[in-house]
Structure formats: structure tokens, C-alpha cells
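Summary of structural features
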Amino acid sequence: MSEEKQNKTTLIVFSGDLDKAMASFIIATGAAAMGHQVTMFFTFWGLNILRKDQQVPVKKNFMEKMFGKMMPRGPEQLGISKMNFGGMGAKMMKKVMKDKNITTLPQLIEMAKDLDVKFIACQMSMDVLGITEDELIDGIDDFAGVASYLSEASEANTNLFI
Amino acid sequence: MSEEKQNKTTLIVFSGDLDKAMASFIIATGAAAMGHQVTMFFTFWGLNILRKDQQVPVKKNFMEKMFGKMMPRGPEQLGISKMNFGGMGAKMMKKVMKDKNITTLPQLIEMAKDLDVKFIACQMSMDVLGITEDELIDGIDDFAGVASYLSEASEANTNLFI
Amino acid sequence: MSEEKQNKTTLIVFSGDLDKAMASFIIATGAAAMGHQVTMFFTFWGLNILRKDQQVPVKKNFMEKMFGKMMPRGPEQLGISKMNFGGMGAKMMKKVMKDKNITTLPQLIEMAKDLDVKFIACQMSMDVLGITEDELIDGIDDFAGVASYLSEASEANTNLFI
């Protein structure tokens, strides 16, 4: 096994829950800080982490509008996977993290970019959920499909589905 | 690292949600199409993806009957992991996918079989949930336990738990 | 690839659901029984699996007390990820498993310890959820962060996020 291979990590970020998104970015930035090449492949609900928080005027059909309205826009609106209670749980967790000076999700996303973590947004999921490139934050490295993820994963040592 | 190892992928399909089942089969068929040997190990709720859609007359105890009735029978009845709203969300998502000509889950399952993806059904989970071999679709390659999965995983490069 | 590497497995146990905890420990004990070196990294809700079932008198602030009360204390109190119905589902599943002589979660945890599976509790999650070392069962090998997990994972062949 080459040295390079040991130093490559990929994450499929399927979940759009705050707690799992935090876990994804803590792993990604941790690995990148240790010198790993890291690729995050955002698919399905995970795309919501990358949405801009303001509404972006794009043409959508009825279904796409509904998905767009019902899904959270960006890291500040995400719920948690357990004990969310209509958003109360997420608020509590964010308050606790702030009180304890833990890096926030928006900060982790910035750190990941600064550390050259590669962001791939799943083209098919964007199509299904009616999310356009304009609605996602800047700095996405690629809009691609599963083949793109798989070629990265086959070169990596640690591959996780979150 | 041998070439062979780079070309082996395993998936533990634990979830029985439509969205995660789709993700599993998109990864599996994608990897198989790229020439990987792919093994899917279906366990717990993931077994519901492999259930035949019609009721199969098998002898069950009270608990097994209850589990059997409450769990979805096959890909058409699965819910989605978020915004399911009693099945409405799953219907919406299937409609959107159909409108956009995205391969359906039943089609992906057929594709996986055609591409020689290996299906293993977890024997212990079948026992717990009271699911018999007759209730599962044809073409399951093996009914086995975790040891069988682990020996495949230790030969594979990409291993995911979904 | 060295023989050693093929024989190392790591699991991130993020979920605190009974069914996923069972899956984690079945994989961990199965791999350890096959001679693998196994590391389990317990983070977020997964920490609840390691909580002692009785209340431990520790000083906590208001938020930490709330989290402490709302989260399950140890394996006997965990819910299942689907069809839990306020704990009924978990009870049913435990009854079925008992009737079928399937190893229980507390037994699996003991087995894992006996097989020298390494338990790491995520320090940051403990901090966020206000869980102290005294509240966790004996036999935790390490209290550490993501860097500790990542160095194990980069040496392992099979790495799963559960």
C-alpha cells in the first residue's frame, strides 16, 4: 500500500442532520489537518448543508418548489437526528456548543474549504430535489455523479457513509 | 495493494428507507459497471427491500406476524428517511424521479442482479424479524452471517454501512 | 498490503439506537473473533450505549442535566431506529431476541471487552452532552478526539460509520 493511499479519505454525506453534518466536517477537517486528501460527496439531504441561507430566484416546477420550501436552507436551519422537537433540540445543541466554544458548522465548512477538502455535489440528487448550482454556496469543486465518487473512493483508505 | 483489492466494494444495507436503498443500489450498480466485484449484505430493515410484494403463506408466531405486517413488503412500499409524512413523501419522490426518467429502485435491483452484484441476506436478522427465504425475491446468492460479510470486507477496498 | 492491515477494523458508533448498537457490536465481536484488531469510537448518541444504568451524582449545569435526563442510560433503555412507538418496539425486539436465544446487547458489550475490542469515547461529544467519565461503564480504553480515531482508521482495512 502506497503512502498516498493511506492519506486519502472520502465521505459520502447523505444526511442533512446537524449532528451528522458536524460529525462529517469534524472528521473531514481532522483528516485534512493530518495531511490527508479529503473528498466529501454531498448527496440527497446532505445537499441542504451546502444551500445558501437566502432564497435564490430560480425557475422551478411545483414539486421542486415544494421540496425547496420544506428542506432546510443551509447549516443554520438543520435539525438534529434525535430529540429535535421541531428545532428546539437543534437550538439547544447549538447553544451548548457555543457556550463551550466548540467550532460551529459554518466555521467547520470554511475550515474545510481552507484545508482544500474537495466538495462534490451529487448531480442526480440536485436534479431530483430541484436544487440548482446557484442555490449552493460558492466553492463547490465539482458537480458529478457516483462514478466520480467511486474513483476517489477506490484510491482512498478510509471511506465512510454518513 | 493488488489490483483486485482496489476493485472490490461491499455495502451493508441496514436501512429500509427508499432514499437510502436508492443510494445503496446506485453505488452498487455504479461500482459493478466500473468492473468492481460488489457484495451487498442486507440486514435488519434492509431485508424489507428484498421482500416479495405479495403475502407469502408461511407459518409464523404472533410476534413474527406482527413484524411481518408492520414492515414494508418490497421496494414499492418503502418510506423515505425524512419528510415521509405517512408515505406521501415517498410517493412524491417516486413521482419526481419518474418525471425525470431516473431509474427506479425495482429497476436498479434488476440491474444489480444483471451486473452480478452478490446479494447476501443476514440470517440472524431474518430470524429476529421472522422473515423466511420464501418471502424474499429470487436471486439471493447467500443466506449467511456476519463472518461471511467480514471475510468479503477484508478483501475489499471500499466498505460502507448504509 | 500487509497482513496486519487486513486484520484491523474500526467502527464509529454515532447512533444510540438499539438496532444499530446491536449491529455495531455484532460486527465488532465477529471481527475480533476472526482475529481482527477492532476499535470502536463512540460519539454523539452512541455514548448512551456506554452509560451506566443508574444515576451517578455529578455536578452539571442546567443544559447538561436536561440532556442527561432525556437521553437513555445504557443498553437496556435504548429505543430502535424504526417502529419504536415510545419504547414498545424496542421491548418487542428484545423479547423476540430473548425467545430466539440471541445474544443481548449487554452480553455483546461484555464479549467485546473480553475479546479486547478497544473502546474510545469521544471527548468532544462527552463535553457537548455533559457526560462525565464517571457516568460511563468501566473498561473504556481511551477518552480522545477525532485525531485518535483517524490514526486507527488509516491503519485499518474496514472502517464503518454506524
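Just so it is clear, the structure is predicted and the values come from calculations on it, not from any experiment.

Digging into the overall build of chain A
- Of regular secondary structure, chain A possesses seven helices and five strands.
- When the helices and strands of chain A are placed in sequence order, the string is α-β-α-β-α-α-α-β-α-β-α-β.
- The C-alpha radius of gyration computed for chain A amounts to 16 Å, which stays within 12% of the reference 15 Å derived for 162 residues, consistent with globular compactness.
- Put simply, 74% of the contacts in chain A that link residues at least 6 apart link residues at least 24 apart.

Quick notes on the relation of the copies chain A and chain B
- When chain A is fitted to chain B, the residual RMSD is 0.0 Å, and the transformation amounts to a turn of 120° plus an axial shift of 0.0 Å. Considering both components of the superposition, the chain copies are consistent with a three-fold axis.
- Looking at chain A, a mere 17% of its interface residues are interface residues in chain B too, so the copies touch through different faces.

Looking at the relation of the copies chain C and chain B
- The two copies are related by a screw operation: chain C maps onto chain B through 120° of rotation and 0.0 Å of translation along the axis, at an RMSD of 0.0 Å.
- Looking at chain C, a mere 14% of its interface residues are interface residues in chain B too, so the copies touch through different faces.

Some remarks on the packing of helix 2 (residues 18-33) of chain B against helix 5 (residues 105-114) of chain B
Residue and element names in this part refer to chain B.
- Following both chains from N to C, one finds helix 2 and helix 5 inclined at 30°, their axes separated by 9 Å at the closest point. With respect to each other, helix 2 and helix 5 are oriented roughly parallel. The element helix 2 and its partner helix 5 pack so that their crossing is left-handed. Counted together, Leu18, Ala21, Met22, Phe25, Ile26, Ala28, Thr29 and Ala32 of helix 2 and Leu105, Leu108, Ile109, Met111 and Ala112 of helix 5 form the full contact between these two elements.
- Split into classes, the residues belonging to the contact of helix 2 with helix 5 amount to 12 nonpolar, one polar and no charged.

Structural notes on the environment of Thr10(A)
Residue and element names in this part refer to chain A.
- Examined against the element boundaries, Thr10 turns out to sit in strand 1 (residues 8-13).
- For Thr10, a count of 27 C-beta atoms within 10 Å corresponds to the buried category.
- Not counting residues within four places of it along the chain, the set of residues in contact with Thr10 comprises Thr39, Phe41, Tyr149, Glu152, Ala153, Ala156 and Asn159.

Here we look at the interface of chain C and chain B
- Listed as interface residues are 22 residues of chain C and, on the opposing side, 18 residues of chain B.
- Elements that contribute at least two residues to the side of chain C that touches chain B include exactly helix 2 (18-33), helix 4 (88-99) and strand 5 (158-161) of chain C.
- The dominant element in the side of chain C that touches chain B, judged by the number of residues it contributes, is helix 2 of chain C, at six residues.
- Looking at the side of chain C that touches chain B residue by residue, the classes come out as 14 nonpolar, five polar and three charged.

Quick word on helix 4 of chain C
- Taking 1.5 Å of rise per residue, the 12 residues of helix 4 of chain C would be expected to cover 16 Å, and the 16 Å separating its terminal C-alpha atoms lies within 8% of that figure.
- Following helix 4 of chain C by one or two positions, Asn101(C) adopts a phi angle in the positive range, close to 55°.

Quick word on the interface of chain A and chain B
- Each side of the interface is counted separately: chain A has 18 residues, and chain B has 22 residues.
- Of all the elements in the fold, those that place two or more residues in the side of chain A that touches chain B are helix 3 (62-70), helix 6 (123-129), helix 7 (146-153) and strand 5 (158-161) of chain A.
- Take the side of chain A that touches chain B: its biggest share by element is four residues, from helix 7 of chain A.
- Class assignment for the residues of the side of chain A that touches chain B results in 13 nonpolar, three polar and two charged.

Digging into the nonpolar core
- Of all hydrophobic cores here, the largest spans 142 residues; its most connected members are Phe42(A), Met40(B), Phe42(B), Met40(C) and Phe42(C).
- The contacts of Phe42(A), once residues within four sequence positions are left out, are Val13(A), Leu47(A), Ile49(A), Leu50(A), Phe119(A), Ile120(A), Ala121(A) and Cys122(A).

A few points about the packing of helix 2 (residues 18-33) of chain A against helix 7 (residues 146-153) of chain C
- Viewed as axis vectors pointing N to C, helix 2 of chain A and helix 7 of chain C meet at an angle of 70°, and their least axial separation amounts to 10 Å. Comparing their axes, helix 7 of chain C and helix 2 of chain A come out roughly perpendicular. Crossing handedness for the pair helix 2 of chain A and helix 7 of chain C: right-handed. Contacts between helix 2 of chain A and helix 7 of chain C pair Ile26(A), Ile27(A), Gly30(A) and Ala31(A) from the former with Val146(C), Ala147(C) and Leu150(C) from the latter.
- Here the residues of the contact of helix 2 of chain A with helix 7 of chain C are counted per class, giving six nonpolar, one polar and no charged.

What to know about the sheet that holds strand 1 of chain A
Residue and element names in this part refer to chain A.
- The strand order 4-3-2-1-5 describes an open sheet built from five strands, whose pairing is parallel. Only two strands of the sheet have a single partner each, and these edge strands are strand 4 (142-144) and strand 5. For this sheet the average axis-to-axis angle between neighbouring strands, irrespective of direction, equals 20°.
- Sheet topology note: the strand 3 (residues 118-122)/strand 4 ladder contains three bridges and is parallel. Bridging from a neighbouring strand, Ala121 pairs with Phe143 of strand 4.

Digging into the confidence of the model for chain A
- On average, chain A scores 93 in pLDDT, and the residues at 70 or more come to 96%.
- On the interface metric, ipTM, the complex scores 0.93, and its pTM is 0.95.

A word on the environment of Ile137(B)
Residues and elements named next belong to chain B.
- Mapping Ile137 onto the fold places it in the loop between helix 6 (123-129) and strand 4 (142-144).
- Overall, Ile137 belongs to the partly exposed group, with 18 C-beta atoms counted inside 10 Å.
- In the structure, Ile137 is positioned 47 residues away from Ala90 in sequence and 22 Å away in space, judged by C-alpha atoms.
- Each residue touching Ile137, except ones within four places of it in the same chain, is listed here: Leu50 and Lys52.

The rules behind these values
- Residues numbered from 1 in each chain as written.
- Chains lettered and ligands numbered in written order.
- Predicted model: local features only at pLDDT ≥ 70, side-chain atom pairs only at ≥ 80, totals over all residues.
- Helix = DSSP H or I, 4+ residues; strand = E, 2+ residues; numbered from the N terminus.
- Rg over C-alpha atoms; globule rule 2.2 N^0.38 Å.
- Contact = placed C-beta atoms within 7 Å.
- Least-squares fit on C-alpha atoms with pLDDT ≥ 70 in both.
- Axes fitted to C-alpha atoms, helices over the stretch in contact; angles between N-to-C directions.
- Parallel < 35°, antiparallel > 145°, perpendicular 65-115°, else oblique.
- Left-handed = near helix turned anticlockwise from the far one by under 90°.
- Nonpolar A, V, L, I, M, F, W, Y, C, P; charged D, E, K, R; others polar.
- Buried ≥ 20, exposed ≤ 12 C-beta atoms within 10 Å, placed from the backbone.
- Expected span 1.5 Å × (residues − 1).
- Core = buried A, V, L, I, M, F, W, Y, C linked by C-beta atoms within 7 Å.
- Pairing = 2+ DSSP bridges.
- pLDDT = per-residue confidence, 0-100.

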